[in-house]
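Inside the fold
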Amino acid sequence: MNPMTSLVRLENTGLSHDGKHFIFRHVDLTIRTGEFVAVLGPSGVGKSTLLRVVMGLIPPTEGQVTLAPSPSAQQVGSRRTALVFQDARLMPWRSVRRNVELGLEGLGLSRNDRHARAEESLRLVGLSAEASRWPRQLSGGQRQRVGVARALTVNPDLLLMDEPFGALDAITRAGLQAELLTIREKTRKTVLFVTHDIDEAILLADRIVVLAGKPASVRGDLPVGPRPRDPSSTAMRALADRLRALIAGEPDPGGAAYWQSAEI
Ligand SMILES: Nc1ncnc2c1ncn2[C@@H]1O[C@H](COP(=O)(O)OP(=O)(O)OP(=O)(O)O)[C@@H](O)[C@H]1O
């Protein structure tokens with residue numbers, strides 16, 4: 001697929017569980033192939049629900065969600081999308097490698113191929129040495145890396161991540177954020193990443209979409225600018241302030257093209 005073609009398109013999308021109250025409404029959003037898009041918003045606004053709608057797990061009540069057809073989706077052993085949860089959701093009775101293989105089951109691969117693919121994904125997240133261990137023998141950060149490996153192993157067109165580092169301590173979290181950027185450099189995966197951490201979104205994303213309001217809608221869709229980024233720079237602090245206002249439902253305070261600032 002050509003880079004920067006649109007992979008996901010939401011058009012006037014709305015979701016209501018009861019047909020009366022909408023969680024979000026009138027959402028228009030395009031994610032291009034290769035982009036890393038973060039969705040920021042207050043707790044309970046509907047970020048996880050939006051992710052599940054994009055993934056096709058919940059049909060939208062209004063509007064459309066389109067995932068562009070891709071050649072890789074036709075390949076044996078591939079899925080269109082894969083989700084990484086906040087808790088890794090590993091099966092305690094399966095080894096690390098067999099947890100990663102789980103995503104590949106039912107995709108028509110031989111046992112040897114599943115094994116090789118799982119090994120490859122574990123290498124990508126730096127867990128080759130832990131392949132035969134049990135989930136209970138891993139740290140929280142290692143368990144999350146297994147969750148990332150399990151998602152990557154199905155070679156998804158779109159990697160969805162639902163606050164994947166939200167339950168980790170600050171140091172482990174920073175390590176995994178750095179690793180995710182490296183993995184993404186290597187794989188060029190398109191990523192949709194839900195978080196309520198402004199600094200995390202600024203560090204990781206190419207673009208930040210702010211969801212706010214009741215029903216929620218897209219209150220901001222801001223590019224972050226080139227890497228590497230210094231979160232303490234005036235420009236990034238200004239972006240953080242702007243995002244904070246948008247999350248709080250305040251009018252967009254606006255801002256210049258901060259990424260063009262000489263301070264970054
Ligand atoms: N199956 C359901 N039926 C009815 N309401 C639901 C259902 N699932 C979620 N909700 C409601 O939808 C709203 C959005 O939930 P969601 O989990 O998407 O928010 P979120 O932004 O991801 O929150 P958080 O940041 O706290 O994880 C919440 O008010 C929640 O209570």
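Small disclaimer: the values here were computed from a predicted structure and weren't measured.

Before going further, it helps to spend a moment on the sheet that holds strand E2 (residues 22–32). Ordered in space as E2-E1-E4, the three strands form an open sheet in which the pairing is antiparallel. Strands with a single pairing partner mark the edges of an open sheet, and in this sheet they are E2 and strand E4 (62–67). When the angles between neighbouring strand axes are averaged without regard to direction, this sheet yields 15°. Pairing analysis gives seven bridges linking strand E1 (residues 6–16) to E2, with the strands arranged antiparallel. Bridging from a neighbouring strand, arginine 9 pairs with threonine 30 of E2. Its contacts with the sheet place helix H1 (residues 47–55) against E1, E2 and E4, and it is angled at close to 125° to E1.

Hairpin connection between E1 and E2: a loop of five residues separates the two successive antiparallel strands, and glycine 19 in this loop has a positive phi of roughly 80°. In this structure, E1 lies alongside E4, joined through five bridges in antiparallel fashion. The residue bridging glutamate 11 from the neighbouring strand is glutamine 64, located in E4.

Let us look at the site of the ligand. Neighbouring residues of the ligand: His17, Ile23, Gly41, Ser43, Gly44, Val45, Gly46, Lys47, Ser48, Thr49 and His196. Here the element with the most residues in the shell around the ligand is H1; it accounts for three residues.

Glancing now at helix H3 (residues 111–124). Every α-helix winds through 3.6 residues per turn, so residues three or four apart in the chain are directed the same way. Given a rise of 1.5 Å per residue, 14 residues ought to cover 20 Å, and the 20 Å separating the end C-alpha atoms of H3 matches this to within 8%. Of all the residues in H3, the buried ones are Arg114, Arg117, Ala118, Ser121 and Leu122. With its buried residues spanning 135° around the axis, H3 presents them on a single face. Away from its buried face by more than 90 degrees, H3 exposes Asn112 and Ala116. The inward-facing, buried residues of H3 abut helix H2 (96–101) and helix H4 (140–152).

Let us look at the nonpolar core. Leu160, Leu192, Ile208 and Leu211 are the most contacted members of the largest nonpolar core, which totals 70 residues. Setting aside residues up to four positions removed in sequence, leucine 192 forms contacts with Ile31, Val37, Val39, Leu51, Val54, Leu158 and Leu160.

Once that is clear, we can look at the environment of leucine 50. Note that leucine 50 resides in helix H1. Along the primary structure leucine 50 and glycine 220 are separated by 170 residues, whereas in three dimensions their C-alpha atoms are 15 Å apart. Other than its neighbours up to four places away in sequence, leucine 50 contacts Phe24, Val39 and Leu211.

Moving on, we come to the packing of H4 against helix H5 (residues 170–187). At a minimum axis distance of 10 Å, the contact between H4 and H5 shows a crossing angle of 20°. Between H4 and H5, the crossing angle belongs to the class labelled roughly parallel. As for how H4 packs across H5, the hand of that crossing is right-handed. Contacts from Gly140, Gly141, Gln144, Arg145 and Leu152 of H4 reach H5 at Thr172, Gly175, Leu176 and Thr187.

Criteria and cut-off values
Residues numbered from 1 in each chain as written. Predicted model: local features only at pLDDT ≥ 70, side-chain atom pairs only at ≥ 80, totals over all residues. Pairing = 2+ DSSP bridges. Helix = DSSP H or I, 4+ residues; strand = E, 2+ residues; numbered from the N terminus. Axes fitted to C-alpha atoms, helices over the stretch in contact; angles between N-to-C directions. Contact = placed C-beta atoms within 7 Å. Near = placed C-beta within 6 Å. Expected span 1.5 Å × (residues − 1). Buried ≥ 20, exposed ≤ 12 C-beta atoms within 10 Å, placed from the backbone. Arc of directions from axis to C-beta. Core = buried A, V, L, I, M, F, W, Y, C linked by C-beta atoms within 7 Å. Parallel < 35°, antiparallel > 145°, perpendicular 65-115°, else oblique. Left-handed = near helix turned anticlockwise from the far one by under 90°.

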